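An overview of the molecular structure
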Amino acid sequence: MSDRSRIIRGRVLTFTDDPFEAGSSARIYLEDGAILVENGRIERVGEALDILAGAPQAAIVDEYSGCLIMPGFIDAHIHYPQTQVIGSYGAQLLDWLHNYTFVEEQKFSDPAHCVRIADFFLDELFRCGTTTAMVYCRVHPQSVDAFFAAAERRGARMIAGKTMMDRDAPEALTDSAQRGYDESKALIARWRRRGRLDYAITPRLAITSSKAQLEAAGALADEFPEAYVQTHLDENRDEIELVAKLFPGTQSYLEVYERAGLLGPRSVFGHCIHLADSEVAALAASRSVAAFCPTSNLFLGSGLFDQARLRNAGVRVALATDVGGGTSYSMLRTAAEGYKVLQLNRQSWPAAQAFYRMTLGNARALTLDQHIGSIEAGKEADLVVLDSRATPAMAHRMETANGDLDVELFALIMMGDDRAVRQTYVAGAPSKT
Ligand SMILES: [Zn+2]
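In this report, the structure presented in the accompanying data block is examined. (Residues numbered from 1 in each chain as written. Predicted model: local features only at pLDDT ≥ 70, side-chain atom pairs only at ≥ 80, totals over all residues. Heavy atoms only, no water.)

Observations regarding the coordination of the zinc ion
On the protein side, the zinc ion has H77 (NE2), H79 (NE2), H232 (NE2) and D322 (OD) as donor atoms, found 2.1 to 2.3 Å from it. Taken together, the 4 donor atoms surrounding the zinc ion define angles of 88 to 169° at the centre, an arrangement classified as irregular. One chain supplies every donor for the zinc ion, spaced along it as H-x1-H-x152-H-x89-D. Here H79 is found in strand 5 (residues 73-79), whereas its partner D322 is found in the loop between strand 13 (316-319) and helix 13 (331-344), with 243 residues between them in sequence. Taking relative accessible area as the criterion, D322 reaches 4% and is therefore assigned buried. (Donors = N, O, S within 2.8 Å, 3.2 Å for Na, K, Ca; no water. Tetrahedral: all angles 85-135°; square planar, octahedral: opposite > 155°, others 65-115°. Helix = DSSP H or I, 4+ residues; strand = E, 2+ residues; numbered from the N terminus. Buried < 20%, exposed > 50% of the residue type's maximum accessible area, 1.4 Å probe, protein only.)

Take a look at the structure:
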């Protein structure tokens, strides 16, 4: 966090509501806007000349002529121990887990490795404009400590948790129902609601947790109702068949989690592709969140997320990269692939809705919208500066945008990635210096 006053000037764009519900009035756009940041928070936002006139003399002024300044992106589902298996060839979910991920994740018994990967991971998120993420760590508590310590050093708002898994994985990667409970509880005591950090109870998926361990996770959720819960759901057909075998007597995959007491408004379920109607209804009734992970779903051949079905049923939806099953840290690339997935389902997704999802929409899904997700006085100053002309091809494309903001935003999603990120501010401090 920077304690000097700073003015960030450019084309300010922020959403005030979901454009799907509220239409185009759900955003504020200032062609020559500015944001006054003090002590990591947004003090004022408005027309640049007004902000400059009223700012302290000693304020630093960062000028981004022509660039869009938006709230930092939020990624609702990502795995930090998978930075070195991203882009591994030729497998669907269960093989991918066993052949690549479970091999790689054993390195996290070494605390020095945890620190190195956590540092890389956070720097890469910021380089892509992502300032908050909901993160799976490893089964080893030191992987969680390393991640939270790295996030705290950077002043970042992050949610994370120790993966609980007590079966169907190499012995070095498993805990037990009791150890998973004890270690998670100790981590909750250390990190939950510490500064900008918060904790997610993280049973990896029903295949790798016994009934006893899922019940232990549910006991934690009961003891700490304000903690988050994150896990995977209905990603892959073989996975669903295996869950049905492992939990006889349950009617659906989600029912396994429901019986363990893991549904609720702070629970985020990754993927949610092959849902039965009863599962859709249970997600909606419990106010649980379904995380759409398009690059991962395409890469692992898992299936096509049906956003319209979930939205019509009243299910809360988030957008996420799911690195390393996902193939990009960039939320712009993720939204571009999301658009294509929805196209295959004959569903539309205008750019305004996608940018809303990456910012205020995901903040609401993670119940963080009182802190982040929009640019307004009092909120934390997590911001991304985007250049729609970052590459020759993008600049060439923008020649025909004719000043139409929606045309620009859509091309920015389709053609943009980390190269379009000019700067990222975390609690008011620039991450690129
Ligand atoms: Zn995942």
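And the narrative resumes.
Description of helix 3 (residues 93-104)
With 12 residues, helix 3 should reach 16 Å at 1.5 Å per residue; the first-to-last C-alpha distance of 15 Å fits that figure. Among all positions of helix 3, only L93, W96, L97, T101, F102 and E104 are buried. Seen from one end, helix 3 has its buried residues packed into an arc of 140°, which puts them on one side. Check the buried side of helix 3 and you find it contacts helix 4 (111-127), helix 8 (237-246) and helix 11 (294-299). (Expected span 1.5 Å × (residues − 1). Arc of directions from axis to C-beta. Contact = heavy atoms within 4.5 Å.)

Things to note about the pairing of strand 7 (residues 158-161)
Burial along strand 7 is two-sided: the face carrying M158 and A160 and the face carrying I159 and G161 are both buried. Note: strand 6 (residues 130-136) against strand 7, 3 bridges, orientation parallel. Directly across from V135, in strand 7, lies its bridge partner A160. Following the backbone out of strand 6, through helix 5 (residues 141-153) and into the adjacent parallel strand 7, one traces a crossover that is right-handed. In this sheet, strand 9 (residues 197-203) lies alongside strand 7 in parallel orientation, the contact comprising 3 bridges. Directly across from M158, in strand 9, lies its bridge partner L197. (Pairing = 2+ DSSP bridges. Right-handed = clockwise from strand over helix to strand, strands pointing away.)

Concerning the environment of E31
Within the element layout of this structure, E31 appears in strand 2 (residues 27-38). Overall, E31 belongs to the exposed group, its relative accessible area being 52%. Considering only alpha carbons, one finds E31 and S65, 34 residues apart in sequence, at a separation of 9.8 Å. The residues contacting E31, other than those within four sequence positions of it, are G10 and R11. Separated by 2.5 Å, the side chains of E31 and Y29 make a polar contact. (Polar contact = N/O pair within 3.5 Å; in protein donor to acceptor, adjacent residues only side chain to side chain.)

So, unusual backbone geometry
The residue after V323, namely G324, is reached through a cis peptide bond having omega 5°. Here G324 shows up in the loop between strand 13 and helix 13. Even without being glycine, C272 reaches a positive phi, approximately 50°. Examined against the element boundaries, C272 turns out to sit in the loop between strand 11 (267-271) and helix 10 (277-286).

Things to note about the nonpolar core
Counting residues in each nonpolar core, the largest one holds 97 residues, and the members touching the most others are Y80, M158, Y257 and F355. Ignoring anything within four residues of it in the chain, the contact list for Y80 reads F108, C114, I117, A118, F121, V135, Y136, C137, S143, A146 and F147. One finds Y228, V268, A363 and A365 within the second-largest nonpolar core, a separate group that totals 17 residues. (Core = buried A, V, L, I, M, F, W, Y, C linked by side-chain atoms within 4.5 Å.)

Points about the packing of helix 5 against helix 6 (residues 177-191)
Where helix 5 meets helix 6, the closest approach of the two axes is 11 Å, and the angle between their N-to-C directions is 15°. Between helix 5 and helix 6, the interaxial angle falls into the category roughly parallel. In this structure, helix 5 meets helix 6 at a crossing whose hand is right-handed. Packed against helix 5, whose contacting residues are P141, V144, D145, F148, A149 and E152, the element helix 6 presents E183, L187, R190 and W191 at the interface. Each residue belonging to the contact of helix 5 with helix 6 can be placed in one class, and the counts come to 6 nonpolar, no polar and 4 charged. (Axes fitted to C-alpha atoms, helices over the stretch in contact; angles between N-to-C directions. Parallel < 35°, antiparallel > 145°, perpendicular 65-115°, else oblique. Left-handed = near helix turned anticlockwise from the far one by under 90°. Nonpolar A, V, L, I, M, F, W, Y, C, P; charged D, E, K, R; others polar.)

Side note on the pairing of strand 4 (residues 60-71)
With 6 bridges connecting them, strand 1 (residues 6-15) and strand 4 associate as parallel partners. Directly across from I8, in strand 4, lies its bridge partner D62. Sheet topology places strand 4 next to strand 14 (residues 383-386); 4 bridges connect them, and they run antiparallel. Counterpart to P71 in the pairing with strand 14 is L383.

What to know about the environment of G90
Residue position: G90 is located in the loop between strand 5 and helix 3. Residue class for G90 comes out exposed when judged on its relative accessible area of 63%. Considered as a pair, G90 and A282 are 192 residues apart in the sequence and their alpha carbons are 34 Å apart.

Focus: the side chain of H274
Inspection of the secondary structure puts H274 in the loop between strand 11 and helix 10. Within polar-contact distance, the side chain of H274 engages the side chain of R237 at 3.4 Å. If we ignore the near neighbours within four places in the chain, the residues touching H274 are D234, E235, N236, R237, I240, E279, S302 and G303.

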